[in-house]
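Examination of the molecular architecture
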Amino acid sequence: MPSTMKMSHGHGRVVVGQLVDDAKSWQVWQVYPGGEPRRVDFRDGWRIPDPSELCTEVRMLNSLRSVCVFSCRIRFAVSQQVKDAIESAEPGVHQFALLKVTPHKDQVIGTNYFMLNVCNRLRAIDGDRSSVPFSLHDGGTRKGYSLSGLPGTQFVVRHEAVSGKAVWMDEESLEHFVSDELRDVITSHGARNLEFVRVAEN
């Protein structure tokens, strides 16, 4: 049973790294299916033709203690252990950029961290079985599903669409999803700043 993964909004829990040159990474050149070159948000989940365009210098705004995933604007940075787990499950599927991390205060950082570009972009939500409404978002510019502020609602994802996937972005919700196995790896290495919401699978 997969889960959505997002940064926790509990007081003091979100661990944030500030990109030294965020304008460099905020948008990158991509190519949509069909070959149309245009500027798109990194969160959209396409492969980056030239990862060297990304800023890879990060200043931590708080402690990385007990954290293996942290937030860089709308992106995730993951530890070496999480990267290894993703690569073991899906070799060569996703993209990683090694980060140069300046720690918060005098903290000693005991592992490498990588910017993660999730390259699985799926339409896996079963709209007929999910209790999440399909509605307008982003100021009325996009239709999609959202769990935000909807207690008691649930996604149902189609097994054939997500089988064998460790992490993916859903095209119709812009939510990040992780498998049970990857969630277990993340929680075992420190996830005090993350929230996981279980979703059903049919």
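Structure first, text after, so check above.
None of these values were measured; they are calculated from a predicted model.

Reading guide: rules and limits
- Residue indices follow the written sequence of each chain, beginning from 1 at its first position.
- Reporting in this predicted model follows two pLDDT cut-offs: at least 70 for local features of residues, and 80 or more for side-chain atom pairs to be given and counted; totals over whole chains, interfaces and linings ignore these cut-offs and use all residues.
- Derived side-chain values reflect all non-hydrogen atoms in the structure, with water molecules and hydrogen atoms excluded from consideration.
- Per the convention used, a helix needs a DSSP run of H or I reaching at least four residues, while a strand needs a run of E reaching at least two, with both numbered from the N terminus.
- The buried label applies to any residue whose accessible area, calculated with a 1.4 Å probe on protein chains only, is under 20% of its type's maximum; exposed applies above 50%, and partly exposed to all values in between.
- Contact between two residues is taken to exist if any of their heavy atoms lie within 4.5 Å; hydrogens are not considered.
- Per-residue and other accessible areas follow the Shrake-Rupley method at a 1.4 Å probe size, with only the shown protein chains counted as cover for residues.
- When DSSP locates at least two bridges between a pair of strands, those strands are taken to pair.
- Structural elements are reduced to axes, namely lines fitted to C-alpha atoms, with helices fitted over the stretch in contact, and the angle between N-to-C directions of any two is expressed from 0 to 180 degrees.
- For this document, the term salt bridge refers to a Lys or Arg side-chain nitrogen within 4 Å of an Asp or Glu carboxyl oxygen.
- In this analysis, rings of Phe, Tyr and Trp, with Trp reduced to its six-membered ring, are considered paired at centre separations within 6.5 Å, and the interplanar angle assigns stacked below 30 degrees, edge-to-face beyond 60, and tilted for intermediate values.
- We count a charge as sitting over a ring when the NZ of a lysine or the CZ of an arginine lies within 6 Å of the ring centre and within 35 degrees of the ring normal.
- Residues enter a nonpolar core if they are buried and are Ala, Val, Leu, Ile, Met, Phe, Trp, Tyr or Cys, with the set joined through side-chain atoms within 4.5 Å.

1. Remarks on the overall build of the protein
A count of helices and strands for the protein gives 4 helices and 18 strands. When each of the 202 residues of the protein is scored for burial, the buried share is 47%. A separation of at least 24 residues holds for 69% of the contacts in the protein among residues at least 6 apart in sequence. Accessible area for the protein stands at about 10000 Å²; split by element, carbon and sulfur atoms hold 49% of it.

2. Considerations on the sheet that holds strand 8 (residues 95-98)
Strand order in the open sheet formed by 4 strands is 6-7-10-8, with antiparallel pairing between adjacent strands. The open sheet has two free edges, formed respectively by strand 6 (69-72) and strand 8, since each of these has just one partner strand. Direction aside, neighbouring strands of the sheet carry axes that sit 35° apart on average.

3. Focus: the pattern of salt bridges
Opposite charge on two side chains makes pairing possible when the charged atoms of those side chains draw close. Applying the stated criterion across every chain, the model contains 5 salt bridges. Among the salt bridges present, the one from aspartate 126 reaches arginine 129, with a minimum N-O distance of 2.8 Å. Under the relative-accessibility criterion, aspartate 126 is labelled buried at 9%. Under the relative-accessibility criterion, arginine 129 is labelled exposed at 57%. Salt-bridge contacts for aspartate 184 lead to arginine 183; the nearest nitrogen and oxygen are separated by 3.5 Å. For aspartate 184, a relative accessible area of 43% corresponds to the partly exposed category. When salt bridges that share partners are traced, they join Asp180, Arg183, Asp184 and Arg198 into one network.

4. Side note on the pairing of strand 5 (residues 57-60)
Only one face of strand 5 is buried: it carries Val58 and Met60, and the other face, with Glu57 and Arg59, is open. Note that strand 5 and strand 9 (residues 100-102) share 3 bridges and pair parallel. Within strand 9, the residue paired with valine 58 across the bridge is valine 101.

5. Side note on the sheet that holds strand 16 (residues 176-178)
With mixed pairing, 5 strands are arranged side by side in an open sheet as 11-15-16-1-17. Each edge of the open sheet is held by one strand with a lone partner, namely strand 11 (121-122) and strand 17 (194-198). Summarising the sheet, strand 15 (residues 167-170) and strand 16 pair through 3 bridges and their orientation is antiparallel. Counted as the bridge partner of tryptophan 168 is phenylalanine 177 from strand 16. Helix-sheet contacts for helix 4 (residues 180-189) involve strand 1 (3-7), strand 15, strand 16 and strand 17, and the interaxial angle to strand 17 is about 155°.

6. Details of the packing of aromatic side chains
The geometry of two aromatic rings is summed up by the distance between their centres and the angle between their planes. Tallying each qualifying case throughout the model produces 2 aromatic pairs. Over the face of the ring belonging to phenylalanine 96 we find lysine 83, whose NZ or CZ atom lies 5.2 Å from the ring centre. Looking at lysine 83, its charged tip hangs above the ring of phenylalanine 114, at a distance of 5.1 Å from the centre.

7. Focus: the nonpolar core
Within the largest apolar cluster, 20 residues are counted, with the highest numbers of intra-cluster contacts made by Val69, Val78, Val82, Ile86, Leu182, Ile186 and Leu194. Only strand 1, strand 7 (75-79), helix 2 (80-89), strand 10 (113-117) and helix 4 provide two or more residues apiece to this core. With 14 residues, the next largest nonpolar core counts Leu54, Phe70, Ala97 and Val101 among its residues.

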